[in-house]
Amino acid sequence: GEGPKRRPNFFLAYRLRSPALHAGAAAVQAALVEREARLEPLLTPVAKLHLTLFVMHLEREEVPLARECLRSQAHVLREELGADTVARFRGLDTFSRRVLFAAVEDGAAVERMAAAARRLHGAFAEAGFRGMERFRFEPHATLLKPRARSGKCSITPELLEGLDPLVAGLEERVEEVDLLDMRRSAEDGYYHAEAGLRLAAGEWGAEGEQNLTA
C-alpha cells in the first residue's frame, strides 16, 4: 500500500482560451444566477476553463521532476494531436445534477485528445508519481460545482432550459497542455502552471524553448 491516501494537488489540463467559449460560459453562468441566486458562490471562474487529462499528488521536491516529465513529452502531442485538433462543444450537461459543465462532442478530436492524455498518464505513472487514479479521460469544462459547506444544490433541467445554444457548436483548437497547481492562481486568473507544452507555428514544444506569442 501507499500509506495514507494522498489527495491530488496537481493536474494536467488542456487550457481553453477561446474568447467565444469564455463569453458563452459567462452568459450561461449569468443566466443561472439570475434564475437561482444561491448558485453564485459555486461558479467556476471562466478564466479557469480547462479540460483535465488526469490528477496526481506531488510533494514539493517532486515538482521539478514532474516539470521535466511533461517537457520531455512534446513528441506525444506532435504525434497524437498535431496542429489541427479542434474540440467542439455540444452543449451543457451535469454529473448527477451537482456539477455543471460544457460537454465536448464525441469524435476524432476527442479520440486524439484521449490518446495523448493516455500516453502522458503512462509517462507520469512510469516516473513514479502518486495519487494518479486509473486512467479515464472525460473531457468536460466545469462551469459550476459544489464547494465544501455549500449545502445541497441541484442543477435541474428547468434551470438549464434554453441555455444550451450559448455553448453548443463553439470550438477550441487544442494548443496548450500545462502542469497545474490546484491551490494557486496565476495573475490572469488561470491556475499557476509549473510547466507547459504549447503549439506555436505548427510545432509542439516546451514553453520557453520557443519564441512564443501569448
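The structure we're discussing is the one just above.
Model, not experiment: these values are computed from the prediction.

> Honestly, the packing of aromatic side chains in this entry has me stumped. Any pointers?
We describe a pair of aromatic rings using the distance from one ring centre to the other and the angle between the two ring planes. Applying the stated criterion to the full structure yields 6 aromatic pairs. Residues Phe-54 and Phe-124 carry aromatic rings whose centres are separated by 5.6 Å and whose planes lie at 65 degrees to one another, so their mutual orientation is edge-to-face. Here Phe-54 is found in strand E2 (residues 50–56), whereas its partner Phe-124 is found in helix H4 (residues 108–126), with 70 residues between them in sequence. Accessibility classification places Phe-54 together with Phe-124 in one group, the buried group. Centroid distance Phe-95 to Phe-101: 4.5 Å. Interplanar angle 35 degrees. Geometry classified as tilted. An aromatic cluster is built from Phe-11, Tyr-190 and Tyr-191, whose rings are joined through pairwise contacts. Above the ring of Tyr-190, the side-chain terminus of Arg-15 is found at 3.9 Å from the ring centroid.

> Any chance you could explain the sheet that holds strand E1 (residues 10–15) here in plain terms?
Think of a sheet as strands paired side by side through backbone hydrogen bonds, with each pair either parallel or antiparallel. Taken in spatial order, the 5 strands line up as E2-E1-E7-E8-E9 in an open sheet, and their pairing is antiparallel. Every interior strand has two partners, whereas the edge strands, E2 and strand E9 (203–206), have only one. Shown here is a sheet whose adjacent strand axes are inclined to one another by a mean of 30 degrees, direction ignored. Two elements, E1 and strand E7 (residues 176–185), share 5 bridges in a ladder whose sense is antiparallel. The partner of Phe-10 across the bridge, within E7, is Asp-181. Against the sheet, helix H2 (residues 63–71) makes contact with E1, E7, strand E8 (191–200) and E9, and its axis sits at roughly 15 degrees relative to E8, the strand it touches most. Against the sheet, H4 contacts E1, E2 and E7, and its axis sits at roughly 25 degrees relative to E2.

> Sorry, what's going on with unusual backbone geometry here?
For residues other than glycine, phi is negative in most cases, and the peptide bonds are mostly trans. Within the chain, Ser-96 stands out as a residue other than glycine whose phi angle is a positive 50 degrees. Mapping Ser-96 onto the fold places it in the loop between strand E3 (86–95) and strand E4 (99–104). Non-glycine residue Arg-97 carries a positive phi angle of around 60 degrees. Mapped onto the fold, Arg-97 is located in the loop between E3 and E4.

> I'm lost on the nonpolar core in this one. Help?
General note: in soluble globular proteins, nonpolar side chains tend to be found buried as a group. Ranked by internal contacts, the top residues of the largest apolar core, which has 64 residues, are Leu-12, Tyr-14 and Phe-124. In terms of residue count, H4 provides more of this core than any other element does, 8 residues in total. Excluding residues that lie within four positions of it along the chain, Phe-124 makes contacts with Leu-12, Phe-54, Met-56, Ala-66, Cys-69, Leu-70, Phe-129 and Met-132. Judged by nonpolar contacts, the second largest core, of 6 residues, contains Ala-13, Leu-180, Tyr-190 and Tyr-191.

> What exactly am I supposed to notice about the side chain of Thr-85 here?
One can find Thr-85 in the loop between helix H3 (74–80) and E3. Within the structure, Thr-85 has its side chain in polar contact with the backbone oxygen of Leu-81 (distance 2.6 Å). Those residues within four positions of Thr-85 in sequence are excluded, and the remaining contacts are Ala-109, Arg-112, Met-113, Glu-172, Arg-173 and Val-174.

> Explanation requested: H4 in the structure shown.
Owing to its 3.6 residues per turn, the α-helix aligns residues three or four sequence positions apart on the same side. Helix length check: H4 (19 residues) gives 27 Å between terminal C-alpha atoms against 27 Å at 1.5 Å per residue, within 8%. Those residues of H4 that sit buried are Ala-109, Val-110, Met-113, Ala-114, Ala-116, Ala-117, Leu-120, His-121, Ala-123 and Phe-124. Just beyond H4, the residue with positive phi is Gly-128, at close to 95 degrees.

> Is there a simple way to think about the pairing of E8 in this case?
Summarising burial for E8: 9 of the 10 residues are buried, a large majority. By the bridge criterion, 7 bridges tie E7 to E8 in an arrangement that is antiparallel. Looking across to E8, one finds that Val-177 is bridged to Leu-197. Hairpin connection, E7 to E8: the antiparallel pair is bridged by 5 residues, and Gly-189 has positive phi, about 95 degrees. Judged from the 4 bridges that link them, E8 and E9 form a sheet pairing that is antiparallel.

Reading the values: the criteria
Residues numbered from 1 in each chain as written. Predicted model: local features only at pLDDT ≥ 70, side-chain atom pairs only at ≥ 80, totals over all residues. Heavy atoms only, no water. Phe/Tyr/Trp six-rings, centres within 6.5 Å; stacked < 30°, edge-to-face > 60°. Helix = DSSP H or I, 4+ residues; strand = E, 2+ residues; numbered from the N terminus. Buried < 20%, exposed > 50% of the residue type's maximum accessible area, 1.4 Å probe, protein only. Lys NZ or Arg CZ within 6 Å of the ring centre and 35° of its normal. Pairing = 2+ DSSP bridges. Axes fitted to C-alpha atoms, helices over the stretch in contact; angles between N-to-C directions. Contact = heavy atoms within 4.5 Å. Core = buried A, V, L, I, M, F, W, Y, C linked by side-chain atoms within 4.5 Å. Polar contact = N/O pair within 3.5 Å; in protein donor to acceptor, adjacent residues only side chain to side chain. Expected span 1.5 Å × (residues − 1).

Limitation: the analysis is restricted to geometry and does not speak to function.
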